Amino acid sequence: MPDITFSATVSGSVMQGVLVVTIDNPPVNATGAAVRQGLMAALDFSASHAEIVGLVLTGAGKIFIGGADIREFGKPPVDPILPDVVAALEAHDKPMVAALNGAALGGGLEVALACHHRIALPQVSLGLPEVKLGLVPGAGGTQRLPRLVGALAAVDLVASGRTIKADEALTLGILDQVVTDDLLDAACTLVQQSSGKSLRRTGSRPVPAFDVQAFEAVAEKLLAKARGQNAPAKAVDLVRQSSELSLDEGLQSERATFLALRDSDQAKALSHVFFAERQAGKVEALEGVMPRTLSTIGIAGLGLMGSGIAVAALAAGYTVIGLDQNDEAAEKGRERILGLIERSVKSGRLTAAEGEEQAARLTVTAEDQGLVSADLVVEAVFDDLDVKTDLFRRLDKVLRPDAILATNTSYLNPDEIAATTAHPARVLGLHFFSPAHVMRLVEVVWCKDTAPDVLATGLAFARRLKKLAVVAGVTEGFIGNRIFSAYRREAEYLIEDGAAPHEIDAVLEDYGFPMGLFAVYDMAGLEIAWKRRKRQAASRNPAERYVDIADRLCEAGRLGQKVGRGWYRYEAGQRLVDPEVTAIIETCRAAKAITPKTFTPQGILSRLLAAMADEGRALLAEGIAARASDIDLVMINGYGFPAHKGGPMFAAGL
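Residues numbered from 1 in each chain as written. Predicted model: local features only at pLDDT ≥ 70, side-chain atom pairs only at ≥ 80, totals over all residues. Heavy atoms only, no water.

A. Summary view of the nonpolar core. Residues Val-56, Phe-64, Leu-100, Leu-126, Leu-145 and Ile-174 are the most contacted members of the largest nonpolar core, which totals 81 residues. With seven residues, helix α5 (residues 151–160) is the largest single contributor of residues to this core. Leu-100 has contacts with Phe-64, Ala-112, Ile-119, Ala-120, Leu-121, Val-124, Leu-126, Leu-175 and Leu-183, leaving out every residue within four places of it along the chain. Grouped together as the second largest cluster of nonpolar side chains are 61 residues, Val-470, Tyr-521, Ala-550 and Ile-585 included. (Core = buried A, V, L, I, M, F, W, Y, C linked by side-chain atoms within 4.5 Å. Buried < 20%, exposed > 50% of the residue type's maximum accessible area, 1.4 Å probe, protein only. Helix = DSSP H or I, 4+ residues; strand = E, 2+ residues; numbered from the N terminus. Contact = heavy atoms within 4.5 Å.)

B. Summary view of the sheet that holds strand β9 (residues 125–127). Across the sheet, which stays open at both edges, the four strands sit in the order β5-β7-β9-β10 with mixed pairing between neighbours. Two strands close off the open sheet at either side, each with one partner strand: β5 (63–65) and β10 (163–165). Along the sheet, successive strands turn relative to each other by an average axial angle of 20°, direction set aside. Sheet topology places β9 next to β10; three bridges connect them, and they run antiparallel. (Pairing = 2+ DSSP bridges. Axes fitted to C-alpha atoms, helices over the stretch in contact; angles between N-to-C directions.)

C. Representation of the side chain of Thr-142 within the structure. Here Thr-142 is to be found in helix α4 (residues 141–149). A polar contact is formed between the side chain of Thr-142 and the side chain of Gln-143, at a distance of 3.0 Å. Setting aside residues up to four positions removed in sequence, Thr-142 forms contacts with Pro-137, Val-158, Leu-238, Val-239, Ser-242 and Glu-254. (Polar contact = N/O pair within 3.5 Å; in protein donor to acceptor, adjacent residues only side chain to side chain.)

D. Representation of helix α12 (residues 304–315). Over its twelve residues, α12 runs 17 Å from end to end, which matches the ideal 16 Å to within 8%, given 1.5 Å per residue. Counting buried positions along α12 gives ten out of twelve residues, so the element sits mostly inside the fold. Phi turns positive, to about 100°, at Gly-317, one or two residues after α12. (Expected span 1.5 Å × (residues − 1).)

E. Seen up close, the packing of aromatic side chains. By the definition in use, this model includes 14 aromatic pairs. Measuring from centroid to centroid gives 5.4 Å for Phe-513 and Phe-641, while their planes differ by 70°, and the two rings are edge-to-face. Taken as a pair, Phe-513 in the loop between α19 (501–511) and α20 (517–524) and Phe-641 in the loop between α25 (628–639) and α26 (648–651) lie far apart in primary sequence, 128 residues in all. A relative accessible area of 4% means that Phe-513 is categorised as buried. Look at Phe-641 and you get buried, because its relative accessible area is 2%. Cluster of aromatic residues (ring-pair linked, three or more members): Phe-433, Phe-484, Tyr-487, Tyr-511, Phe-513, Phe-518, Tyr-521, Trp-567, Tyr-639 and Phe-641. Sitting over the ring of Tyr-546, Arg-540 keeps its end group 3.9 Å from the ring centre. (Phe/Tyr/Trp six-rings, centres within 6.5 Å; stacked < 30°, edge-to-face > 60°. Lys NZ or Arg CZ within 6 Å of the ring centre and 35° of its normal.)

F. Structural context of the environment of Leu-350. Tracing the backbone shows Leu-350 in the loop between α13 (327–347) and α14 (352–360). The buried category is assigned to Leu-350, whose relative accessible area is 17%. Remark: the alpha-carbon pair of Leu-350 and Ala-315, spanning 35 residues in sequence, is separated by 9.6 Å. The contact partners of Leu-350, leaving out residues within four places of it in the chain, are Ile-341, Ser-344, Val-345, Gly-355 and Gln-358.

G. Quick peek at helix α21 (residues 527–536). Looking at α21, one finds that the buried residues are Glu-527, Trp-530, Arg-532 and Arg-533. If you follow the buried residues of α21, they end up packed against α22 (549–555).

Given below as structure tokens:
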């Protein structure tokens, strides 16, 4: 029988009496209208041909089905809708095997759950990430998954949106087999073995009995992490209902919830973030510019930041050479890097073999000459202009002319650093956030003389490290720290004007920040910012408002959580409001003859959000940020701005 075309994106071929249905809808085999129509046509074809004993459903390329088609977002639905397709797949009277050749996410996993069997390659990832878009699964995921794996495992997956690998999916019972050989051959064999037998329809199963208290404990932890997001709470409710309602009733409840959330403010904000990430790092001037090939990465400075960058580079498959000022410091850096790798092995994120392989690609040196083979060197030394320029001059003498130099400075001007080198065109900024092996954001700084292919290489490097790369122009603090400085100043003005630190922190945490601003100061330590303020004192504009409360705290020895005193007092692991801080604040107000005002939570929030948005407008006007959504991504991924609020620019309607 010749190959069959079911739609523009779905085709079929018959192998040993089995109809192999292949979805080919690049780039992610999304469940667009043509895919849905093609699947229904394949079911009709199977039903009308008695010689076909069953079906295998798979994807072309490296993805099974990556979820919904983003091109359909915000548009009227086109029949058949995915819930109807999923129901038809499950109800089909011939055995059907989902052969997962790659990721099965969102609607892709819902399609697989409707099949009667599921097998996968070892590298496959599975998940229902809809909560990350402010939604819940809308095609049966909240009702079928608990019937397959139990309510406790299901609520964890659905309410967190996390993805899992094939081995965990096999253990949970989502998969029947993980195969390393010919996936389609194994799938066809399974169809033939199932032919004529009772079909395993997931929706017909009861939800296994479970410990209700354990379920509620898991749910409570998940919702605590959600910090005000609506979708995770709704997901918990739907998984709970799977054991209380019939399948049809549960599906109706799920669909109604999905449709209600789809039009919510949180879903709109998270959809904005979703699309913003797909725009991030795109630079019109780089169209057609190819990045350079990188294989060996040098890391100059093996402290906490440098070690984190090294771990990220090793995880991405690079050979890494670490440089520090002497043998002892280099060896400490090596031990720190290996310790981070070992921690990943112990947690199960890496196998022992993977950890050993990464460690084998690491060497350290105390000699500049040791970096001679590096294609890219990331500088992560102390944030001092003299220290950095001295390092760059030295490296200029030993590196190949085509090697790239990147500075990880937070506040210094990278143009000044580049100007001290013989080849400023090869210099750019790569501003990582600590801990660099964990934090997702990298600001890729386009310096005055940076060559286009150098910038393109920096972007490609960050992406290979699985980072979110956002291009920024040169300004003090780039995008993130400049906005952070603006809203930090506004918070200090609020304190001087009458608000209390704990009131401001409570407002931020209620809004969705993981931690309030002043609690963050205490955790990081107050002395670093204090030293910076003292260095800048001589050049500070005397006409500019300056709040000296933080200086008075430092002078009183209140340097943060590590000494038990900062903006708060710390006792037995608790953060407490300290009358001594209140007294210092009152003294500083009195010295300026400021009569304190009373602020509502909304009043505090409005001033802080306005400060962020105003600074964002300035960054756009100066060309430091290419688009408002880039600013939102920086603040979400680097500074804890709640994603379900969309970022400060989105919140301001920009």
